[in-house]
Amino acid sequence: MENHHLKEHLYKILVIGDLGVGKTSIIKRYVHQNFSPNYRATIGVDFALKVLSLDQETVRLQLWDIAGQERFGNMTRVYYREAMGAFIVFDVTRPSTFEAVTKWKEDLDAKLSLSNGKHVAAVLLANKCDQGRDVLTNNGIKMEQFCQENGFVGWFETSAKENINIDEAAHCLVKHIIANENDPLQSEDADTISPQQESSRGGTCSACFRS
Ligand SMILES: Nc1nc2c(ncn2[C@@H]2O[C@H](COP(=O)(O)OP(=O)(O)OP(=O)(O)O)[C@@H](O)[C@H]2O)c(=O)[nH]1
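All of these numbers come straight from a predicted model, not from anything done at the bench. (Residues numbered from 1 in each chain as written. Predicted model: local features only at pLDDT ≥ 70, side-chain atom pairs only at ≥ 80, totals over all residues. Heavy atoms only, no water.)

Let us now look at the packing of aromatic side chains. If you walk through the whole model with that rule in mind, you get five aromatic pairs. Considering the side-chain rings of Phe-47 and Trp-64, the 4.6 Å spacing of their centres and the 90° angle between planes classify their relative orientation as edge-to-face. Of this pair, Phe-47 sits in strand S2 (residues 45-54) while Trp-64 sits in strand S3 (residues 57-66); the two residues are 17 residues apart in sequence, bridging distant segments of the chain. A network of ring pairs unites the aromatic residues Phe-90, Phe-98, Phe-146 and Phe-152 as a single cluster. The lysine or arginine in question, Lys-50, covers the ring of Tyr-30, its NZ or CZ lying 4.5 Å from the ring centre. Against the face of Phe-152 rests Lys-105, its NZ or CZ located 5.6 Å from the ring centre. (Phe/Tyr/Trp six-rings, centres within 6.5 Å; stacked < 30°, edge-to-face > 60°. Helix = DSSP H or I, 4+ residues; strand = E, 2+ residues; numbered from the N terminus. Lys NZ or Arg CZ within 6 Å of the ring centre and 35° of its normal.)

And the structure:
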């Protein structure tokens, strides 16, 4: 029997977005499988570790839960350093948090890029989808187009409360990070979102659907 040498990856992942959109809750759900309805603002940054087994490889995700109030702080650049991917989160019940998404993305891209000069993989999370989809339907926003225009590799409607699409979103992000690492010159292709791939509960990730 051949003795396979299992690869291990450690990726730093940023979780950013406006105050109270559910960053801490998404991480809690993802890492500890629980949810609390009480809101306690994150101060500065919190950390959590999620260990995944993917295609016989061990992937450790070091999740950086950055306080929504940090956007105006000047510590952010330090927090962003050496991250390989990001979730940018908004709250589907509060349009202002969606309007802030482009600012968070611009801030991320301005402060962080991979060693080959490309932007880090970013997945957009439309959180609290258990409470409706007002922001998604009222403004006539085409999410695929929005993602393409703003350089997101995919987007998902999520609920930390009801555990919807969080594993899928993480899977999408990890796949894109690995694609960037393995094939840095050809990964532009993986960044293209194919519009026909939308599921009934919003969410697309070209890498996930292709494999
Ligand atoms: N219904 C519902 N409520 C949620 C969901 N996710 C988070 N919440 C609630 O929204 C509030 C804010 O959640 P947090 O996870 O603390 O938000 P945050 O983005 O980490 O906030 P900051 O640390 O201040 O930036 C809490 O009361 C959560 O219980 C969700 O998917 N559905």
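Let us look at the site of the ligand. Close contacts around the ligand come from 24 residues, with Lys-23, Ser-25, Tyr-39, Gly-68 and Asp-130 the closest. For the ligand, an oxygen atom lies 2.8 Å from a polar atom in the backbone of Pro-37. Between the ligand and Ala-160 there is a distance of 2.8 Å, counted from an oxygen atom to a backbone nitrogen or oxygen. Protein burial of the ligand: of its 650 Å² of free accessible surface, 93% is covered by the chains. When each cavity is represented as a set of grid points, the ligand is found to reside in the largest pocket. Looking at the shell around the ligand, the element that brings in the most residues is helix H1 (residues 23-32), giving three residues. Class assignment for the residues of the shell around the ligand results in eight nonpolar, 11 polar and five charged. (Near = heavy atom within 4 Å. Polar contact = N/O pair within 3.5 Å; in protein donor to acceptor, adjacent residues only side chain to side chain. Areas by Shrake-Rupley, 256 points an atom, 1.4 Å probe, with all protein chains shown as cover. 1 Å grid on protein atoms, 1.4 Å probe; cavity = no way out; pocket = protein on both sides within 12 Å on 5 of 7 lines; lining within 4 Å. Sits in = over half its atoms within 2 Å of the grid points. Nonpolar A, V, L, I, M, F, W, Y, C, P; charged D, E, K, R; others polar.)

Right, let's talk about the packing of H1 against helix H7 (residues 166-182) for a bit. One way to put it is that H1 packs onto H7 with a least axis distance of 10 Å and a crossing angle of 90°. Here H1 lies roughly perpendicular to H7, going by the angle between them. Of the residues in H7, those in contact with Ile-26, Arg-29 and Tyr-30 of H1 are Ile-166, Asp-167 and Ala-170. Class assignment for the residues of the contact of H1 with H7 results in four nonpolar, no polar and two charged. (Axes fitted to C-alpha atoms, helices over the stretch in contact; angles between N-to-C directions. Parallel < 35°, antiparallel > 145°, perpendicular 65-115°, else oblique. Contact = heavy atoms within 4.5 Å.)

Further remarks concern the layout of surface pockets. Where empty space is left can be seen by rolling a probe of water-molecule size over the atoms. Each pocket or cavity is described by its volume, and for the largest pocket that value is around 700 Å³. Along the wall of the largest pocket there are 33 residues; nearest its centre are Thr-24, Ser-25, Asn-38, Tyr-39 and Arg-40. Elements with a contribution of two residues or more to the lining of the largest pocket: H1, S2 and S3. Per element, the largest residue contribution to the lining of the largest pocket is six residues, and it comes from H1. Looking at side-chain class alone, the lining of the largest pocket contains 13 nonpolar, 12 polar and eight charged residues. (Points joined across faces, edges and corners; volume = space filled by probe spheres on them.)

Evaluated as defined, the whole model comprises one cavity of 30 Å³ or more. Its volume calculated, the largest cavity comes out at about 50 Å³. For the largest cavity, the full set of lining residues is Val-15, Ile-26, Ile-27, Tyr-30, Leu-63, Phe-87, Leu-125, Ile-166 and Ala-169. Breaking the lining of the largest cavity down by element, the ones donating at least two residues are H1 and H7. The element best represented in the lining of the largest cavity is H1, accounting for three residues. Here the residues of the lining of the largest cavity are counted per class, giving nine nonpolar, no polar and no charged.

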